[in-house]
Amino acid sequence: MQRRFPLAGLLRLRHAEQDRAAATLADANGRVRDAADARMAARRTLADEAQTISDAATLSAVASARAATRGMLEELDAVVRSRRADADRAQDTYNAARRSALGLEKLEGQHTTRVAAEDLRAEQNALDEIATRRRTEGGHR
């Protein structure tokens, strides 16, 4: 008869925490990718060569657009840094949750091994008792 691991409920809780942390980490990494993509798009826009500029008004408009794009790029850099920090915190949270679950998984493995050894020992003792009883009762065959 297999005895249940006494900390099975806590292990399920740790696995749930780990799953939640993994989902948060995946979401944070997705936000980092989105911000990095927006940043790359802004950089490409800034790097695009302007069409032939024929007058001062067009030159002024191009200069204004480039200045606005540079400002947007600086803001996107800050967003990327912020989201990277969020992703790093999410990674730390996931790592901590995983460590907690691993510790309990090891305990569960030790428990399973110990219970199996106890069951085997009990079975062997029962067999030895049966064999001894047959010999003492004169039941040689």
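Above this text you will find the structure in question.
Note that this is a predicted model, so its numbers are computed, not measured.

Undergrad: Describe the overall build of the protein chain, listing the residues and the values that go with them.
TA: If you tally the helices and strands in the protein chain, you get 2 helices and 0 strands. Computed over C-alpha atoms, the radius of gyration of the protein chain comes to 34 Å, more than 25% over the 14 Å expected from 2.2 N^0.38 for 141 residues, which places it beyond the range of a compact globule. In terms of principal-axis extent, the alpha carbons of the protein chain reach across some 120 × 25 × 15 Å. When each of the 141 residues of the protein chain is scored for burial, the buried share is 17%. For the protein chain, the proportion of contacts with a sequence separation of at least 24, taken over those separated by at least 6, is 87%. Surface accessibility of the protein chain: about 10,300 Å² in total, with carbon and sulfur atoms responsible for 54%. Charged side chains of the protein chain number 25 positive and 22 negative; the gap between the two group centres comes to 5 Å.

Undergrad: Can you lay out helix H1 (residues 8-47) for me, pointing to particular residues and giving the numbers?
TA: The end-to-end C-alpha separation of H1 is 58 Å, in line with the 58 Å expected for 40 residues at 1.5 Å each. Residues of H1 that are buried: Ala 8, Leu 11, Gln 18, Ala 21, Leu 25, Ala 28, Gly 30, Val 32, Ala 35, Ala 42 and Leu 46. Looking at the buried residues of H1, the elements they touch are helix H2 (56-136).

Undergrad: If you had to explain the nonpolar core to someone new, which residues and values would you point to?
TA: Listed in full, the 5 residues of the largest apolar core are Leu 25, Ala 28, Val 32, Ala 87 and Ala 90. With sequence-adjacent residues up to four places away left out, Ala 87 is seen in contact with Leu 25, Ala 28, Asn 29 and Val 32.

Undergrad: Now, about a nonpolar patch on the surface: what can you tell me, with residues and values included?
TA: A contiguous nonpolar patch, built from Leu 7, Leu 10, Leu 13 and Leu 107 and spanning about 290 Å² of accessible area, is present on the exposed surface. Inspection of the secondary structure assignment puts Leu 7 in the segment before H1.

Undergrad: For the environment of Gln 51, give the residues involved together with the corresponding values.
TA: Structurally, Gln 51 is set in the loop between H1 and H2. Classification of Gln 51 by relative accessible area gives exposed; the value is 68%. Once the C-alpha coordinates of Gln 51 and Ala 116 are considered, the two residues, 65 residues apart in sequence, prove to be 78 Å apart.

Undergrad: Let's hear about the pattern of salt bridges: which residues, and what values?
TA: In the structure shown here, the tally under the stated rule is 9 salt bridges. Arg 3 is paired through a salt bridge with Glu 118; the nearest N and O atoms lie 2.1 Å apart. Taken together, the positions of Arg 3 in the segment before H1 and Glu 118 in helix H2 put the pair 115 residues apart, joining distant regions of the chain. A relative accessible area of 35% places Arg 3 in the partly exposed class.

Undergrad: Residues and numbers for the environment of Ala 26, please.
TA: Note on placement: Ala 26 falls in helix H1. A sequence separation of 61 residues divides Ala 26 from Ala 87, and the C-alpha atoms of the two residues are 8.5 Å apart.

Undergrad: Explain H2 to me, and be specific about the residues and the numbers.
TA: Compared with an ideal rise of 1.5 Å per residue, which puts 81 residues at 120 Å, H2 spans 117 Å between its outermost C-alpha atoms and is within 8% of the ideal. Within H2, the full set of buried residues consists of Thr 69, Leu 73, Leu 76, Asp 77, Val 80, Ala 87, Ala 90, Ala 97, Ala 101, Leu 104, His 111 and Val 115. If you follow the buried residues of H2, they end up packed against H1.

What counts, and where the lines are drawn
Residues numbered from 1 in each chain as written. Predicted model: local features only at pLDDT ≥ 70, side-chain atom pairs only at ≥ 80, totals over all residues. Heavy atoms only, no water. Helix = DSSP H or I, 4+ residues; strand = E, 2+ residues; numbered from the N terminus. Rg over C-alpha atoms; globule rule 2.2 N^0.38 Å. Buried < 20%, exposed > 50% of the residue type's maximum accessible area, 1.4 Å probe, protein only. Contact = heavy atoms within 4.5 Å. Areas by Shrake-Rupley, 256 points an atom, 1.4 Å probe, with all protein chains shown as cover. Lys, Arg positive; Asp, Glu negative; His and termini not counted. Charge placed at Lys NZ, Arg CZ, Asp CG, Glu CD. Expected span 1.5 Å × (residues − 1). Core = buried A, V, L, I, M, F, W, Y, C linked by side-chain atoms within 4.5 Å. Patch = residues over 30% accessible without salt bridge, like charges linked within 9 Å, V, L, I, M, F, W, Y side chains within 5 Å. Salt bridge = Lys/Arg side-chain N within 4 Å of Asp/Glu carboxyl O.

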